[in-house]
Amino acid sequence: MTKHINLQKNYSLNQSGYQLKLPLNLETIIPEDDSVRLLSQFVEEMDLTDLYSTYERVRENYVSPRTLLKIVLYSYMNDDYSSRSMELNCKRDINFMYLLEGATAPDHATFARFRSIHFAPCSKRILAIMSNQLYELGEISGETIFIDGTKIEASSNKYTFVWKKAVSKNQSKLLLKLADLMAECEQLHDIKIVYGNTVKMKHVKKLRKKLYALKESENLVFVHGIGKKKTPLQKSIETLEEYLSKLKEYNQKLYICGERNSYSKTDHDATFMRMKEDAMGNGQLKPAFNLQHGVDAEYITWLTIGPQPTDTTTLIPFLKETEQHLNFKYKKITADAGYESEENYLFLENNGQTSFIKPANYEISKTRKFQQDIGRIENMDYDKEKDIYICRNGKELKVDSIKHSKSKTGYVSEKTIYKCSDCNECSYKSDCIKGNNCKTPLEERNKVLQVAKKFIKQRKEDLERILSEEGILLRINRSIQAEGSFGDLKQDMQFRRYLSKGTSNVLAESTLLAMARNINKLHNKIQNGKTGMHLFPVKSA
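Quick look at the structure, then.

The rules we used
- Counting from 1, residues in each chain are numbered in the order their sequence is written.
- Confidence filtering applies because this is a predicted model: local features only for residues at pLDDT of at least 70, side-chain atom pairs given and counted only at 80 or more, and all residues used for totals across whole chains, interfaces and linings.
- Remark: hydrogens and water are excluded; side-chain values derive from all non-hydrogen atoms of the structure.
- Comment: elements are numbered from the N terminus, with helices defined as DSSP H or I runs of at least four residues and strands as E runs of at least two.
- Our radius of gyration looks at C-alpha atoms and nothing else; its globule reference is 2.2 Å times the residue count to the power 0.38.
- Burial classification: accessible surface area is computed with a 1.4 Å probe over protein chains only, and a residue below 20% of its type maximum counts as buried, one above 50% as exposed, and the rest as partly exposed.
- The contact rule is simple, with two residues in contact once any of their heavy atoms fall within 4.5 Å.
- Each accessible area is a Shrake-Rupley result for a 1.4 Å probe, and residues are judged covered by the shown protein chains and nothing else.
- Lys and Arg are tallied as positive, Asp and Glu as negative. Neither His nor the chain termini are counted.
- By convention, the charge on Lys lies at NZ, on Arg at CZ, on Asp at CG and on Glu at CD.
- The length a helix should cover is 1.5 Å for every residue beyond the first.
- The patches reported here contain residues having more than 30% relative accessible area and no salt bridge. Joining distances are 9 Å for like charges and 5 Å for nonpolar side chains (Val, Leu, Ile, Met, Phe, Trp, Tyr).
- Note on definitions: salt bridges are taken to be side-chain nitrogens of Lys or Arg within 4 Å of carboxyl oxygens of Asp or Glu.
- A pair of strands is treated as paired once DSSP finds two or more bridges between them.
- Residues adjacent in sequence count toward polar contacts only when both atoms are side-chain atoms; beyond that, a polar contact is any pair of N or O atoms within 3.5 Å, and within protein one must be able to donate a hydrogen and the other to accept it.
- Orientation is described by lines fitted to C-alpha atoms, with helices fitted over the stretch in contact, and by angles between N-to-C directions that extend from 0 to 180 degrees.
- Our angle categories are set so that under 35 degrees counts as roughly parallel, over 145 as roughly antiparallel, 65 to 115 as roughly perpendicular, and the remainder as oblique.
- The hand of a helix crossing depends on one turn: near helix anticlockwise from the far one by less than a right angle means left-handed, and clockwise means right-handed.
- Each residue receives one of three labels: charged for Asp, Glu, Lys and Arg, nonpolar for Ala, Val, Leu, Ile, Met, Phe, Trp, Tyr, Cys and Pro, and polar for the others, Gly being one of them.
- Seen with its strands pointing away from the viewer, a crossover is right-handed if its path from the first strand over the helix to the second goes clockwise.
- To pair, rings of Phe, Tyr and Trp, with the six-membered ring standing in for Trp, must have centres within 6.5 Å; the planes then decide the type, stacked if under 30 degrees apart, edge-to-face if over 60, and tilted in the middle.
- In this scheme, Lys NZ or Arg CZ marks a charge over a ring once it lies within 6 Å of the ring centre and within 35 degrees of the ring normal.

With that settled, consider the overall build of the protein. In terms of helices and strands, the protein carries 17 helices and 13 strands. Against the compact-globule benchmark of 24 Å for 541 residues, the protein has a radius of gyration of 33 Å, which places it well outside the compact range. Principal-axis analysis of the C-alpha atoms places the extent of the protein at approximately 100 × 90 × 50 Å. Going through the 541 residues of the protein one by one, you find that 42% of them count as buried. Across the protein, the fraction of contacts at a sequence separation of at least 24, relative to all contacts at a separation of at least 6, is 67%. Counting only carbon and sulfur atoms, one obtains 49% of the accessible surface of the protein, whose full area is about 31700 Å². In the protein, 84 side chains carry a positive charge and 70 a negative one; their mean positions are 7 Å apart.

So, in structure tokens, the structure goes:
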């Protein structure tokens, strides 16, 4: 016999004879060692004055900013980054209900506004509060930081590129067209504007004003459409307006680019970079952000977001921010070869910090080809007293001049130029002098060396440090901890592309991910009895 079911919107009317049975206290369902309990306790201890200051007033009947932070972090801890999923989980998931503490579940727009409007402006300060709290608990050492970077794709289409070089080239062509149009209009309409060989923007504005004055004096009505002939004056005005509109567009694009070489039309803060995830296999550039992580004892203590395609220029701003926000100063800086530069070495030395940066030529210097290359400065003898280099043939390379070069960051480096007086009839010449694209024939060339003495000295000192027992320990931990943080982010948390646009929102997303990972890491360490462990020991064979 088929039971009668009422087909109506209120399904509770069909529940005759059914009684829901739940514990009086829902908290008993949540295990005692669940990470949601640790999250709630940790966030309760945090000083969130900066977060509360982003609200004009906090209503009593609404969910507090502290509770919203708990819910968003717990969602990120479970690899769920959608605001709609957060709303749904608050209605269905007991752990989210535990965090709500009996309050009504917020809608998805509340979570979205929380991330972009309230959390984003103070994301760095909140991350600093978490790092300082971990330092007070003894979970991070505050002595050694492992720094590494990765590129994460922006929330933009890969075909929305704007290239600075192409815009500059088109702008130059347009300016030539404007100059030609000026000369043509002066001749065609019998007006004189430019007195000289240089056409300036004030001349273009003056031409536009005079052309419209001619239009009014002749009572000219512009015509459009098929079969209607335009007057020369109308053609001149329309061409000028078109050129000016295009010039305005080019100027705006160059302003958005700034010091970058490119940007995305749908996210002006995103820069096109070469990604490791290359599905097409052709080295395609994609809009992305450069994410830098500073890791201590497996916790992400600091991070930065930037448009730099390489890591070299990110180190100094990164360390300056850590000193500004954290209550402690790192003494040992460990990074890979991508961070090596004379400017970085000098900054760390002047700042009282010890560098453990792998030299860029560390791996290649161990190869037979490198060691047998007689043209390299490393394989030549150096006389310190005479300040000369001696090549394989016994000839001297003496100081010829001193060259100064300025980097993009404004740092001025000094290079000493050493030159051999005569390399004729040298049997090693073809092996010693490189550069097949040089316009000067090999027979007429002499050996020239460019030596950055300060950089070579700093690299030598750094190489001794990374080859010591302490250096080996820190290098092993850098590969485990710093690169491991990105492995957790991209593989375990499946976060490979940002959901929001703009540097501020992208930084907020990255901070939430880092904080969620830190809570998960603390939870795992507590449960596995590994709290207070800062470095992984070197395993002996």
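This next bit is on helix α17 (residues 503-528). Under the 1.5 Å per step criterion, the end-to-end length of α17 is 37 Å for 26 residues, consistent within 8% with the ideal 38 Å. Gly529 sits one or two residues past α17 and shows a positive phi near 70 degrees.

What follows is about helix α12 (residues 342-350). Taken residue by residue, α12 has Glu342, Asn344, Tyr345, Phe347 and Leu348 as its buried positions. Buried positions along α12 lie against α11 (315-325), β7 (332-335), β8 (354-357), β12 (412-420) and α15 (453-466).

Right, let's talk about a nonpolar patch on the surface for a bit. Taken together, Tyr159, Phe161 and Trp163 make up a surface patch of nonpolar side chains, about 320 Å² in accessible area. With a relative accessible area of 31%, Trp163 lands in the partly exposed category.

Below, the discussion takes up the pairing of β12. Sheet topology places strand β11 (residues 396-406) next to β12; nine bridges connect them, and they run antiparallel. Bridging from a neighbouring strand, Val399 pairs with Tyr418 of β12. Two successive antiparallel strands, β11 and β12, enclose a turn made up of five residues, where Gly410 displays a positive phi of approximately 95 degrees. Alignment of β12 against strand β13 (residues 448-451), held across four bridges, turns out to be antiparallel. In the strand pairing of β13, Tyr418 is matched with Leu449.

Position of Thr322 among the secondary structure elements: in helix α11. Within the structure, the side chain of Thr322 is placed 2.5 Å from the backbone oxygen of Leu319, a separation counted as a polar contact. Contact partners of Thr322, with chain neighbours within four places excluded, come to Trp302 and Phe328.

This part is about the sheet that holds β13. The pairing of strands in a sheet happens through backbone hydrogen bonds and is either parallel or antiparallel. Spatially, five strands are ordered β9-β10-β11-β12-β13 in an open sheet, and the strand pairing comes out antiparallel. The outermost strands of the open sheet, each flanked by one partner alone, are β9 (381-383) and β13. For this sheet the average axis-to-axis angle between neighbouring strands, irrespective of direction, equals 35 degrees. The sheet contact formed by strand β10 (residues 388-390) and β11 spans two bridges and is antiparallel. Looking across to β11, one finds that Ile390 is bridged to Glu396.

At a minimum axis separation of 10 Å, α12 and α15 run at an interaxial angle of 65 degrees. Classed by the angle they form, the pair α12 and α15 counts as roughly perpendicular. As α12 runs across α15, the sense of the crossing is left-handed. Contacts from Glu342, Tyr345, Leu346 and Glu349 in α12 reach Lys454, Phe455, Gln458, Arg459 and Asp462 in α15. Counted by class, the contact of α12 with α15 contains three nonpolar, one polar and five charged residues.

Two elements in contact, helix α1 (residues 35-44) and α17, have axes whose closest approach is 10 Å; the angle formed by their N-to-C orientations is 120 degrees. As summarised for this structure, α1 and α17 are arranged oblique, according to the angle between their axes. Here α1 and α17 pass one another in a crossing that is right-handed. Contacts from Ser35, Leu38, Leu39 and Phe42 in α1 reach Ile519, Leu522, His523 and Ile526 in α17. Its residues placed into classes, the contact of α1 with α17 shows six nonpolar, two polar and no charged.

Right, let's get into the environment of Glu139. Within the secondary structure, Glu139 sits in the loop between α7 (123-136) and β1 (144-153). With a relative accessible area of 5%, Glu139 lands in the buried category. As a C-alpha pair, Glu139 and Thr531 span 392 residues in sequence and 6.5 Å in three-dimensional space. The residues touching Glu139, leaving out its near neighbours within four places in the chain, are Leu134, Ala297, Tyr299, Leu522, Lys525, Thr531, Gly532 and His534.

The subject of this paragraph is the environment of Glu483. In this fold, Glu483 is placed in helix α16 (residues 469-492). Sequence separation between Glu483 and Ile147 is 336 residues; the distance between their C-alpha atoms is 8.8 Å. With residues up to four places along the chain from it excluded, the contact list for Glu483 reads Asp148 and Arg478.

Turning our attention to the pairing of β7. Of the two faces of β7, the one lined by Lys332 and Thr334 and the one lined by Ile333 and Ala335 are each fully buried. Looking at chain direction, β1 and β7 are connected through four bridges and run parallel. The residue bridging Ile147 from the neighbouring strand is Ala335, located in β7. Both β7 and β8 contribute to a ladder of four bridges, which runs parallel. Pairing of Thr334 across the sheet is with Phe356, part of β8. After leaving β7, the chain enters α12 and then returns to the sheet as β8, a path that is right-handed.

In this section: the packing of aromatic side chains. Taken as a whole, this structure holds 14 aromatic pairs when the rule is applied. Judged by centre distance (5.3 Å) and plane angle (70 degrees), the rings of Tyr74 and Phe96 are edge-to-face. Here Phe96 lies in helix α5 (residues 94-100) and Tyr74 lies in helix α3 (residues 65-77), a separation of 22 residues in the sequence. Of the two residues, Tyr74 and Phe96, both sit in the buried class. Three or more aromatic residues link up through ring pairs in this structure, and these residues are Tyr76, Tyr81, Phe289, Phe495 and Tyr498. It is Arg37 that lies over the ring of Tyr98; its NZ or CZ is 5.6 Å from the centre.

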